[in-house]
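Below are the chains, spelled out letter by letter.
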Amino acid sequence: LISVPKACVIGDPIGHSLSPLLHTTWLRQTGAKGCYTSLHLKPDEFVSGIANLAADPNFVGANITLPYKQEALLVADTSTKIATSIGAANLLIRKNNKFLADNTDAAGFIGPLLCALGLKTLQGKTVLVFGAGGAARAVLEALLCAGVERVFLCNRSDSRAKILLQELLIHDPKANVKLLKWSERNRSDCQPDIIVNASSAGMTGFDSLDINLGFYRTVSLVYDLVYQPILTPLLAQSKELGLVSLGGLDMLISQAKPCFIAFFGIDPPSDNTAKLALLRALQVMAGSGQ
Ligand code: NDP
């Protein structure tokens with residue numbers, strides 16, 4: 001019998017993860033029994049680290065972040081369809097001493113987008129996505145599941161976008177996803193309704209995404225997955241042009257909700273206490289130059 005369910009987030013580095021603050025705020029608000037911490041595992045410790053956690057009967061699961069989202073699939077006994085098709089997991093759930101790998105990033109991404117648009121599907125929409133890493137994989141999967149009409153994929157290194165597209169087409173040969181060369185990004189005629197930044201550009205310590213939003217005359221919404229800083233240079237540009245601007249914090253919260261339910265068996269509160277706590281923490285981090 002589990003006395004106090006224990007969960008954590010695992011990554012390398014992990015010090016700046018906001019997940020412990022988010023889950024701990026929800027635990028306090030709901031009064032649910034449980035504890036959620038962070039665990040730093042170096043690459044050669046990942047597999048043994050998971051085995052050590054599993055030795056504790058109170059361990060109910062973990063969130064997995066960079067750079068282990070792909071490896072998480074390999075250590076799991078089974079995986080959900082969505083985690084398999086994305087090729088990465090951000091959640092390991094322990095059930096009957098076995099690990100199920102799941103991915104809540106795709107649902108976490110699409111929920112805030114549909115909400116901001118006031119829509120149930122993306123039928124008829126053209127979306128331009130920047131990035132070709134793990135986040136872009138989840139974004140593409142989510143956009144296709146939501147019935148998007150067309151996607152243009154653009155990445156600083158064209159070759160990486162090409163590989164991502166080839167892998168995607170193996171799973172989903174009919175997916176209407178086209179490559180947009182990085183060199184063409186400010187002069188092609190792809191005319192998207194929505195622009196998504198699923199790259200690390202604009203994140204504290206990274207260069208900003210080098211695009212001119214003014215060029216994309218058909219765009220009405222810009223979604224930046226980056227949440228540190230809260231107002232990225234891309235979102236600042238988007239706001240200046242009067243476009244609907246969506247940051248990454250809502251996605252962070254939305255991907256965490258099903259994880260909280262899986263770990264602690266209770267819905268997280270729907271008020272914005274946790275969001276305010278995260279905003280405060282991000283302000284403190286920005287103030288201390290982190
Ligand atoms: P990866 O390291 O897997 O991929 C990074 C991507 O960013 C690559 O495509 C890389 O291009 C591109 N990139 C990096 N710097 C620049 C730059 N200056 N200009 C243009 N492109 C650049 O990271 P992830 O895919 O896992 O994460 C991407 C971002 O999404 C991160 O900022 C992360 O915090 C955020 N994220 C947010 C989530 C949320 O809940 N809000 C959830 C998951 C991720 P190249 O191939 O050329 O190197």
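The structure this text deals with has already been given above.
This report concerns the structure included in the present document.

Reading the values: rules and limits
Along every chain, residues carry numbers that run from 1 in the direction the sequence is written. Residue-level local features of this predicted model are given only where pLDDT is at least 70; pairs of side-chain atoms are given and counted only at 80 or more, and the full residue set underlies all totals for whole chains, interfaces and linings. Side-chain measures here rest on the full set of heavy atoms in the structure, leaving out hydrogens and waters. Whether a residue is near a molecule or strand is decided by its heavy atoms; if any one of them lies within 4 Å of it, the residue is near. Counting of polar contacts relies on pairs of N or O atoms within 3.5 Å, with two restrictions inside protein: one atom must be capable of donating a hydrogen and the other of accepting it, and residues adjacent in sequence are counted only when both atoms are side-chain atoms. Note on areas: these come from Shrake-Rupley sampling with a 1.4 Å probe, and a residue is covered only by the protein chains present in the view. Classification convention: Asp, Glu, Lys, Arg as charged; Ala, Val, Leu, Ile, Met, Phe, Trp, Tyr, Cys, Pro as nonpolar; all other residues, Gly among them, as polar. Note on conventions: DSSP H or I runs of at least 4 residues are helices, E runs of at least 2 residues are strands, and numbering of each starts at the N terminus. Type-normalised accessible area, obtained with a 1.4 Å probe on protein chains alone, sets the label of each residue: buried when under 20%, exposed when over 50%, and partly exposed for intermediate values.

### Digging into the site of the ligand
Close to the ligand lie 24 residues, the nearest being Ala 135, Asn 155, Arg 156, Ser 157 and Gly 248. With respect to the ligand, the backbone of Ala 132 contributes an N or O atom lying 2.9 Å from an oxygen atom. Protein chains bury 85% of the 930 Å² of accessible surface belonging to the ligand in isolation. Classifying every residue of the shell around the ligand by side-chain character gives 13 nonpolar, 8 polar and 3 charged.

### What to know about unusual backbone geometry
The residue after Leu 66, namely Pro 67, is reached through a cis peptide bond having omega 0°. A cis amide bond, omega 10°, links Gln 228 with the succeeding residue Pro 229. Secondary-structure assignment places Pro 229 in the loop between β11 (221-224) and α8 (233-240). Even without a glycine there, the phi angle at Asn 96 is positive, about 50°. Tracing the backbone through its elements, the reader meets Asn 96 in the loop between β5 (91-95) and β6 (98-102). With a relative accessible area of 78%, Asn 96 lands in the exposed category. At Gln 191, a residue that is not glycine, the phi angle is positive and equals roughly 45°. With respect to the helices and strands, Gln 191 occurs in the loop between β9 (177-179) and β10 (194-197). Taking the relative accessible area as the measure of exposure, Gln 191 reaches 52% and is therefore exposed.

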